[in-house]
Amino acid sequence: MLNNQGRPTGAGESAPAYNRKTFTGNRALQTREALIFEIGRPEVSGIDIDEPEAFTPRLGALARKTPLDLPGLSEPETMRHYVRLSQKNYAIDAGLYPLGSCTMKHNPRLNEKLARLPGFADVHPLQPTSTVQGALELIEVLSGWLMELTGAHAVAMSPKAGAHGELCGMMAIKAALAARGEGSTRKVVLVPDSAHGTNPATAALIGFEVRAIPAREDGTVSAQAVREACGPDVAAIMLTNPNTCGLFEPEVVEIAAAIHEAGGYFYCDGANFNAIVGKVRPVDLGVDAMHINLHKTFSTPHGGGGPGAGPVVLSEALAPFAPAPFLRRMGADLEILTLVEETGDGAAFGRLTAFHGQMGMFVRALSYMMSHGSDGLRQASEDAVLNANYVRVGLGDVMSAPFGDRPCMHEALFDDNWLKGTGVTTLDFAKAMIDEGYHPMTMYFPLVVSGAMLIEPTESESRASVDLFIMTLRDLTFSVRRGELERFSGAPYYAPRRRLDETRAARQPILRWTPPAPIIEDEAAE
Amino acid sequence: MRYLPLTPEDRTSMLRRIGAPDIDALFADVPADKLLQELPDLPRRKSELEVERTLSRMAARNVAAGSVPFFVGAGAYRHHVPASVDHLIQRSEFLTSYTPYQPEIAQGTLQMLFEFQTQVANLTGMEVANSSMYDGSTGCAEAVLMAHRITRRKKAVLSGGLHPHYAEVVRTLSRMAGDDVMTMAPDVLAGEDMLACIDKTVSCVVVQTPDVFGNLRDLNALAAKCHENGALLIAVFTEAVSLGLIEPPGAMGADIVVGEGQSIGNALNFGGPYVGLFATRQKYVRQMPGRLAGQTLDANFERGFVLTLSTREQHIRREKATSNICTNSGLCALAFSIHMTLLGESGLRTLARVNHANAVKLADMLARVPGVEVLNETFFNEFTIRVKGDAGQLVERLAAQGILAGVPVSRLLPRAGFDDLLLIASTETNTDEDRAALVAALSSQLAH
Ligand SMILES: Cc1ncc(COP(=O)(O)O)c(C=O)c1O
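Residues numbered from 1 in each chain as written. Chains lettered and ligands numbered in written order. Predicted model: local features only at pLDDT ≥ 70, side-chain atom pairs only at ≥ 80, totals over all residues. Heavy atoms only, no water.

Asks: Would you mind showing me how to read the overall build of chain B here?
Replies: Across its full length, chain B holds 13 helices and 13 strands. With respect to the principal axes defined by its C-alpha atoms, chain B has extents near 80 × 55 × 50 Å. Of the accessible surface of chain B, which amounts to about 14100 Å², a share of 51% is contributed by carbon and sulfur atoms. Each charge class in chain B can be summarised by its mean position, and for the 42 positive and 49 negative side chains these summaries are 3 Å apart. (Helix = DSSP H or I, 4+ residues; strand = E, 2+ residues; numbered from the N terminus. Areas by Shrake-Rupley, 256 points an atom, 1.4 Å probe, with all protein chains shown as cover. Lys, Arg positive; Asp, Glu negative; His and termini not counted. Charge placed at Lys NZ, Arg CZ, Asp CG, Glu CD.)

Asks: What is the right way to look at the domain arrangement of chain B in this model?
Replies: A common way to express how large an interface is: the accessible area buried when the components associate. Residues and elements named next belong to chain B. Once the domains are mapped, chain B shows domain 1 (66-80 + 345-447) and domain 2 (83-339). Taken over C-alpha atoms, the centre of domain 1 sits 27 Å from the centre of domain 2. Contacts between the two partners involve 30 residues from domain 1 and, on the opposite side, 26 residues from domain 2. Summed over both partners, the interface of domain 1 with domain 2 buries about 2300 Å², with 69% contributed by carbon and sulfur atoms. Of all residues in domain 1, Y77, F380 and L412 give up the largest surface area on contact with domain 2, accounting jointly for 24% of the area buried on that side. On inspection of domain 1 and its partner domain 2, the count reaches zero salt bridges. Where domain 1 packs against domain 2, one counts eight residue pairs in polar contact (both at pLDDT 80 or more). For the side of domain 1 that touches domain 2, the elements supplying multiple residues, two or more each, are α10 (330-367), β11 (382-387), α12 (409-412) and β13 (421-425). Per-element tally for the side of domain 1 that touches domain 2: the top contributor is α10, with seven residues. (Domains from an automatic or database assignment. Contact = heavy atoms within 4.5 Å. Buried area = accessible area lost by both parts, 1.4 Å probe. Salt bridge = Lys/Arg side-chain N within 4 Å of Asp/Glu carboxyl O. Polar contact = N/O pair within 3.5 Å; in protein donor to acceptor, adjacent residues only side chain to side chain.)

Asks: Explanation requested: the site of the ligand in the structure shown.
Replies: The local shell around the ligand holds 15 residues, among which S101(A), D269(A), H295(A), K296(A) and T327(B) are the closest. Lying at an intersection of chains, the ligand is approached by residues of chains A and B. Between an oxygen atom of the ligand and a main-chain N or O atom of G162(A), the distance comes to 2.7 Å. K296(A) is positioned such that a nitrogen or oxygen atom in its side chain is 3.0 Å from an oxygen atom of the ligand. Calculation on the ligand without its partners gives an accessible area of 390 Å², and the protein chains cover 99% of this total. (Near = heavy atom within 4 Å.)

Asks: I'm lost on the sheet that holds β13(B) in this one. Help?
Replies: All names here are of chain B. Taken in spatial order, the four strands make up an open sheet running β10-β11-β13-β12, and their pairing is antiparallel. The open sheet has two free edges, formed respectively by β10 (372-374) and β12 (407-408), since each of these has just one partner strand. In the sheet, β10 pairs with β11 via three bridges, with the strands oriented antiparallel. Along β11, the bridge assignment pairs V372 with V387. (Pairing = 2+ DSSP bridges.)

Asks: Any chance you could explain the packing of helix α5 (residues 107-124) of chain B against α10(B) here in plain terms?
Replies: Each packed pair of helices is defined by two parameters, the angle between the axes and the distance between the axes. Residue and element names in this part refer to chain B. Contact geometry for α5 and α10: axes closest at 9 Å, N-to-C directions at 55°. Classified by the angle their axes make, α5 and α10 are oblique. The element α5 and its partner α10 pack so that their crossing is left-handed. Across from M112, E115, F116, Q119, V120 and L123 in α5, the residues of α10 making contact are G330, A333, L334, F336, S337, M340, T341 and L348. Per-class residue counts for the contact of α5 with α10 are nine nonpolar, four polar and one charged. (Axes fitted to C-alpha atoms, helices over the stretch in contact; angles between N-to-C directions. Parallel < 35°, antiparallel > 145°, perpendicular 65-115°, else oblique. Left-handed = near helix turned anticlockwise from the far one by under 90°. Nonpolar A, V, L, I, M, F, W, Y, C, P; charged D, E, K, R; others polar.)

Asks: Which parts of the structure should I look at to understand the sheet that holds strand β10 (residues 412-414) of chain A?
Replies: Residue and element names in this part refer to chain A. The three strands lie next to each other as β10-β12-β11, forming an open sheet whose pairing is antiparallel. If you trace the sheet from one side to the other, it starts and ends with β10 and β11 (442-443), each paired once. Looking at chain direction, β10 and strand β12 (residues 453-455) are connected through three bridges and run antiparallel. Residue L413 lies in a different strand from β12, and its bridge partner there is L454. Set on the sheet, helix α10 (residues 359-395) makes contact with β10 and β12; between it and β10 the angle comes to about 30°.

Asks: Sorry if this is basic, but what is going on with helix α7 (residues 164-177) of chain B here?
Replies: Spacing of three or four residues puts side chains on the same side of an α-helix, whose turn is 3.6 residues. Residues and elements named next belong to chain B. The end-to-end C-alpha distance of α7 is 20 Å, a good match for the 20 Å that 14 residues give at a rise of 1.5 Å each. The element α7 is largely enclosed, with a buried count of 11 among its 14 residues. Positioned one or two residues after α7, G178 has a phi angle of 80°, which is positive. (Expected span 1.5 Å × (residues − 1). Buried < 20%, exposed > 50% of the residue type's maximum accessible area, 1.4 Å probe, protein only.)

Asks: Would you mind showing me how to read the nonpolar core here?
Replies: Side chains of a nonpolar character, in soluble globular proteins, are inclined to be buried together. With 124 residues, the main nonpolar core has L146(A), L190(A), F298(A), F429(A) and L55(B) as its most contacted residues. With 18 residues, α10(A) is the single largest residue contributor to this core. Ignoring any residue separated from it by four or fewer positions in sequence, one finds L55(B) in contact with L114(A), F120(A), L138(A), V363(A), L366(A), S367(A) and M370(A). Counting residues in each nonpolar core, the second largest holds 95 residues, with V128(B), A156(B), V407(B) and L412(B) among its members. (Core = buried A, V, L, I, M, F, W, Y, C linked by side-chain atoms within 4.5 Å.)

Asks: Got a minute to help me understand the packing of aromatic side chains in this structure?
Replies: The description of an aromatic ring pair uses the distance of the two centres, along with the angle that the planes make with each other. Summed over all chains, the structure comprises 12 aromatic pairs over all chains. Measuring from centroid to centroid gives 5.3 Å for Y90(A) and Y97(A), while their planes differ by 75°, and the two rings are edge-to-face. Given a relative accessible area of 11%, Y90(A) falls into the buried group. Taking the relative accessible area as the measure of exposure, Y97(A) reaches 3% and is therefore buried. Ring centres of F355(A) and Y274(B) lie 6.2 Å apart, and the angle between their planes is 75°; this geometry places the pair in the edge-to-face category. You can see F355(A) sitting in the loop between β9 (333-337) and α10 and its partner Y274(B) sitting in the loop between β6 (256-260) and β7 (276-280), one on each of two chains. Taking the relative accessible area as the measure of exposure, F355(A) reaches 3% and is therefore buried. (Phe/Tyr/Trp six-rings, centres within 6.5 Å; stacked < 30°, edge-to-face > 60°.)

What follows is the structure, encoded as structure tokens:
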């Protein structure tokens, strides 16, 4: 068909397969983007700022002589560079992001807006406290919510992320043991094999010795195994609950009793708290310390790797052993106390970071929590668990679940048993999901399951979205069974990049841009 | 609830599909007596309007730095952040993605991190940088641990000019890990003799420049003495803009350079989130903490980027990892990198000169105020003054007049005999009116 200017309006007679390389290397919206070091120039700036009037510097002999080698771009060029880069990223706003343990849920924009209010964003941590009462009030209110939801007696707000919270909790335990005079005798921390790598890494960082506890056949830890591993040398157990297999530890109360009887403390990795908010309070289960990843459970955005925030709730036994600074209400005013003797308990174990924590994340998390309210928070946990079980059941007959068909919490775990002998690995399967427009699930974690695939749909997905996800994965499994290896072994085909060579990256690390060596004419060859 | 797409009908039919009689059947592993019957004792859900109203009321109780003459620094600095920076970091593809575990669909983040690492390395004068730490203080503690691993020694010597919070973070971690720390006395005039503390038992010396009192430190002699003794020199900075104007630690022999990157691209945020910058020599890269983006090729031999050298990290090495860090400060690193790209070398140099010029102008004005003594010989955009009387009370009185005058040293070092010292920072955001207001208010306060 032609329109009345004679312009063809059909889609073309037949559309033959076309694989010609383009001149630019771009493919329509998929553009190549050079590095700023290749397109920027040191004399260009995207910021107008005038040189100061002449003055006498006070730099002594230390004025910079070393070149900076920092390229600049004008503002339009800068916008284009970063917008083009952004277009090479997958994001929760663009699609289901079933990264188990990482909790990629919706990030409400209200939270972004509020965190940017000048009264929060443009406030200095060392302003007089009389000028930051609202900021301190926000921290106090958020602490109250976290304590109510966990049953805790206190909460340390300064940890910067989950792993930092682990460090905080384990330091509190170390301080409590030292106060009992058992600092040098209790050296062992029990860590199940299924634990996240940060758990053993944290324990080792402050001189604890890690003793592994095997998981049972069914993916959970038995109180009996804990009891047997306990002795006078045991400082604590680090247990994730719900655990990294997506299961609530059925014997958690007995495990807590066992560790307490043996004189140790119960550190709970709260990365999966999002499954149980409003359903059960961890401290009621016997937990002494637990970090909460605000960037998981309470939806502060991950930002491509951070920042996060990892407040640590503490039981009555550990509450005195928190890090400085302390927030105290003195009449109508809130004060920040930094001196150990002023905290009143005389037991603050020190300081984890400069200033007082991830305020920007606190604002976002409180906004999220207030938006949900007690009813919405519980509903969110229930929906997360419902969606995960729906995925589990929807895929249970075509993939293999290591622990049979027992219900899961907020994430469904599969292994690679069903892939054995097919020539397709967990990695291949994950990469084929990319071509279907999905971010893969967490793979090869937890380590206790062969070729693990940990799927966390979260409560943010509609039923239609979860249905399509299930149907897509089912289709992929049928493809595996039909032996369509090409769909997997070369995947992804349609992503901004084909599979990347990680071995090469590690063998000859190139960790920064360096100017290309000048091409030197080889005269001898002429 | 506006964030939850499942409808009551969805829930019922999904439960039926799962074969669960009700939602609590899925919570069957929770001990029955622990499963909460009542909702938590907290308010019910709120509309967007209500939440905004509640939190805005809290925000309004704070004095925003931009609303008053503002001279507060001591480890966090107010700079102008271009509008495009905040716009770009709020793009969904950056804001709502995870750590780039699947590089084929995370090239945006990975390339940005590679660029960030190069910018940090060039800024600090080092060979390699990682893709960020939580902040400067935790980066500093990690640097000490890294030095212990490299030297197989366990004793750190901290300069008296190191930000007291940083020193406390290092001491806390060291105490817990069973390592030794020696902290020099706080040193307002930068006259400490650190050379005398270096011997063959020392793992590392940690020096900040500009130091917490604002003095610039020449690191060359320290580096030489460290290296003679098999120790490492760790250089710390809390004001990244200073590196646009002063000689970088890498050019003075530092082995590890750590610092706070908040100044570039990031707001004050009442203390966080910030971004720790961490750089070192190529030969130490395998002892570095944190994530590293590296260049490689894809199956079509196209250039691409991946997270690399992860055999250092907790998810592979577990208790033998170089650090426990997992989530870092990716988005703050992005903000830093975009702002740095906008500045470019020429913009950064000018920005740094304007900061220095403003601080010099203010120092000269304050030096003429009776009852004020400017203590620094050298400084960048922050310096220490001695005032007549108690600096903490003075700052409170000035705050009541609507001027945020600086950080009393006693806030950082309580009861240490520094009650009359005040740190004053001045950046490009200060105007002549701001300076005049501070000088006038100080003069009248000190005249009493
Ligand atoms: C089970 C578990 N524990 C701990 C962590 C560490 O938390 P973060 O990344 O916030 O440091 C994570 C997340 O990565 C996790 O999934």
